[in-house]
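Now for the letters of each chain:
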Amino acid sequence: MTKHRENRSVDREHTDHLLQEIDEQEHARATGNLHHQAQVQLHSMVKRSKELSSIWKGDPEELLRFRRGMRLTEIDTSSTPGFPGNKADGRRFIDLSSEDLMSLQHLLYANGAVGSKRRLLLILQGMDASGKGGIVKHVFSQVNPMGIHYHGFGAPTALELQHDFLWRVRRELPKAGWMAVFDRSQYEDIVMPRIFGTYPESVWRGRYQTVRDFEQHLVDDGCEVIKVFLATSKEAQRKRFLKRLDDPTKHWKFAESDLDARDRWPEYMDAWQEVFEETSTPDAPWYVVPADRRWYSRAVVSELLRSRLQGMQLQWPKASFDLNEARRRLKAESSEA
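What you are looking at is a predicted structure, and each value in this text was computed from that prediction instead of being measured. (Residues numbered from 1 in each chain as written. Predicted model: local features only at pLDDT ≥ 70, side-chain atom pairs only at ≥ 80, totals over all residues. Heavy atoms only, no water.)

## Some remarks on the sheet that holds strand β3 (residues 179–183)
Strand pairing in a sheet takes place through backbone hydrogen bonds and is either antiparallel or parallel in direction. Ordered by their spatial adjacency, five strands build an open sheet running β2-β3-β1-β4-β5, and the pairing between neighbours is parallel. Strands with a single pairing partner mark the edges of an open sheet, and in this sheet they are β2 (148–152) and β5 (286–290). The mean angle between the axes of side-by-side strands here comes to 20°, regardless of whether they run parallel or antiparallel. Where strand β4 (residues 223–231) and β5 come together, five bridges link them in parallel fashion. (Pairing = 2+ DSSP bridges. Helix = DSSP H or I, 4+ residues; strand = E, 2+ residues; numbered from the N terminus. Axes fitted to C-alpha atoms, helices over the stretch in contact; angles between N-to-C directions.)

Structure, rendered in structure tokens:
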């Protein structure tokens, strides 16, 4: 009887061992299937994203990239290059694009969490009331706030003036796996001194090379740089300023200095024209985006971001640990409870 019980005990242990092995094999197959499913979903999302880009009748990366011979003052700021639809179509496109953009940003963040240095910097420049703030809100509404950083650059503070002009910029750069959005940037430290004479020409003009080197280093280190200038007309700005004056909730967004800047509009256009000519490089080009129609400029930025993230060709990071061992330990906790 004792021997029979011992045999039953051995059989039971053997059976338990076999069942555990089968269970682990099933998990392994399931994991393989889930990994395959994740790859299929990623492939499907990339395919869908490419199909969404095909809506455009021309790639915004090519249509709006600054090229030699382009003149800022000759751009039709009310035009919608490459987009065949109207405002309603543009908003629909943005809604569709946001789903893929969020997935791609999540993928970027996941890769950063496991050691990838890939990251993205979006620089927004433009005259006052060109729509920079609206695009910032738009970008944040399309992605997960975890993994995105915003910073707006104003006039340098006393502390910032004690350092080189890129000091404050370096402090706000995106971490690995993150996206950063700059409302104004290092380019203010070229344009403003030029217009207001706060530094000799030799100083602000010398910053062109410094900025080129700085941005090239970022790109070489795994950071995508997207530089967008929102080109608006002086008349469109006038109408937007009047709307601000008519709305008590927006008076804080207006200053008399905004009117002074309008008086120097040609100087600003010349300054930005030279910025594009000096700092639009193959790896960090400028995109000059017509911005009188705000839905269009938002659609463009959405497309630029999605296209650039998709171009990274990121994959879901593989587990760097033993999946079966992790499951075993978690199951052991359940059996001990």
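## Thoughts on the packing of helix α6 (residues 188–196) against helix α10 (residues 265–279)
It is at 10 Å that the axes of α6 and α10 come closest, and there the two elements cross at 140°. In terms of orientation, α6 and α10 fall into the oblique class. Crossing of α6 over α10 shows right-handed handedness. Together, Glu188, Ile190, Val191, Met192, Arg194, Ile195 and Phe196 of α6 and Glu267, Tyr268, Asp270, Ala271, Trp272, Glu274 and Val275 of α10 make up the contact between the two elements. (Parallel < 35°, antiparallel > 145°, perpendicular 65-115°, else oblique. Left-handed = near helix turned anticlockwise from the far one by under 90°. Contact = heavy atoms within 4.5 Å.)

## Some details on the packing of aromatic side chains
According to the stated counting rule, one finds 16 aromatic pairs in the structure shown. Judged by centre distance (5.7 Å) and plane angle (85°), the ring pair of Trp56 and Phe93 falls under edge-to-face. Here Trp56 is found in the loop between α1 (2–53) and α2 (60–63), whereas its partner Phe93 is found in helix α3 (residues 87–113), with 37 residues between them in sequence. Taking the relative accessible area as the measure of exposure, Trp56 reaches 5% and is therefore buried. (Phe/Tyr/Trp six-rings, centres within 6.5 Å; stacked < 30°, edge-to-face > 60°. Buried < 20%, exposed > 50% of the residue type's maximum accessible area, 1.4 Å probe, protein only.)

## Quick look at α6
Buried residues of α6: Glu188, Asp189, Ile190, Val191, Pro193 and Ile195, and no others. Here the buried face of α6 lies against β1 (119–126), α5 (167–170), α7 (201–220) and α10. Once α6 ends, the next one or two residues include Gly197, with phi positive near 65°.

## Some details on the environment of Lys227
Tracing the chain through its elements places Lys227 in strand β4. Given a relative accessible area of 0%, Lys227 falls into the buried group. A sequence separation of 104 residues divides Lys227 from Ile123, and the C-alpha atoms of the two residues are 4.7 Å apart. Residue contacts for Lys227: discarding those within four places in its chain leaves Ile123, Tyr187, Glu215, Thr279, Ala284, Pro285, Trp286 and Tyr287. Looking at Lys227, its side chain comes within polar contact range of the main-chain oxygen of Thr279, at 2.7 Å. In terms of polar contacts, Lys227 uses its side chain to reach the backbone carbonyl oxygen of Ala284, at 2.9 Å. (Polar contact = N/O pair within 3.5 Å; in protein donor to acceptor, adjacent residues only side chain to side chain.)

## Brief notes about the side chain of Lys132
Considering the arrangement of structural elements, one finds Lys132 in helix α4 (residues 132–142). In terms of polar contacts, Lys132 uses its side chain to reach the backbone carbonyl oxygen of Met127, at 3.5 Å. Once residues within four sequence positions are removed from consideration, Lys132 is found in contact with Leu124, Gln125, Gly126, Met127, Asp183, Arg184 and Leu230.

## Some points on the nonpolar core
General note: in soluble globular proteins, nonpolar side chains tend to be found buried as a group. In this structure, Leu122, Val139, Val228 and Leu305 are the most contacted members of the largest nonpolar core, which totals 37 residues. Ranked by the residues each element gives to this core, the list is headed by helix α11 (residues 294–311), at eight residues. Excluding its chain neighbours within four sequence positions, the residues that come into contact with Leu305 are Leu101, Leu120, Leu122, Val139, Met179 and Ile226. By size, the runner-up hydrophobic cluster in this structure holds 35 residues, among which are Ile123, Phe182, Trp265 and Trp272. (Core = buried A, V, L, I, M, F, W, Y, C linked by side-chain atoms within 4.5 Å.)

## Focus on α11
In this model, α11 (18 residues) spans 26 Å end to end at C-alpha, consistent with the 26 Å of a helix rising 1.5 Å per residue. Burial within α11 is extensive, with 14 of its 18 residues counted as buried. (Expected span 1.5 Å × (residues − 1).)

## A word on a positive patch on the surface
Together, Lys87, Arg91, Lys137, Lys239, Lys243, Lys250 and Lys253 line one region of the surface with positive charge. When residues of the positive patch are traced back to their parent elements, those giving at least two are α3 and α8 (234–246). Mapping Lys253 onto the fold places it in the loop between α8 and α9 (256–263). The exposure class assigned to Lys253 is partly exposed, which follows from its relative accessible area of 35%. (Patch = residues over 30% accessible without salt bridge, like charges linked within 9 Å, V, L, I, M, F, W, Y side chains within 5 Å. Areas by Shrake-Rupley, 256 points an atom, 1.4 Å probe, with all protein chains shown as cover. Salt bridge = Lys/Arg side-chain N within 4 Å of Asp/Glu carboxyl O. Lys, Arg positive; Asp, Glu negative; His and termini not counted. Charge placed at Lys NZ, Arg CZ, Asp CG, Glu CD.)

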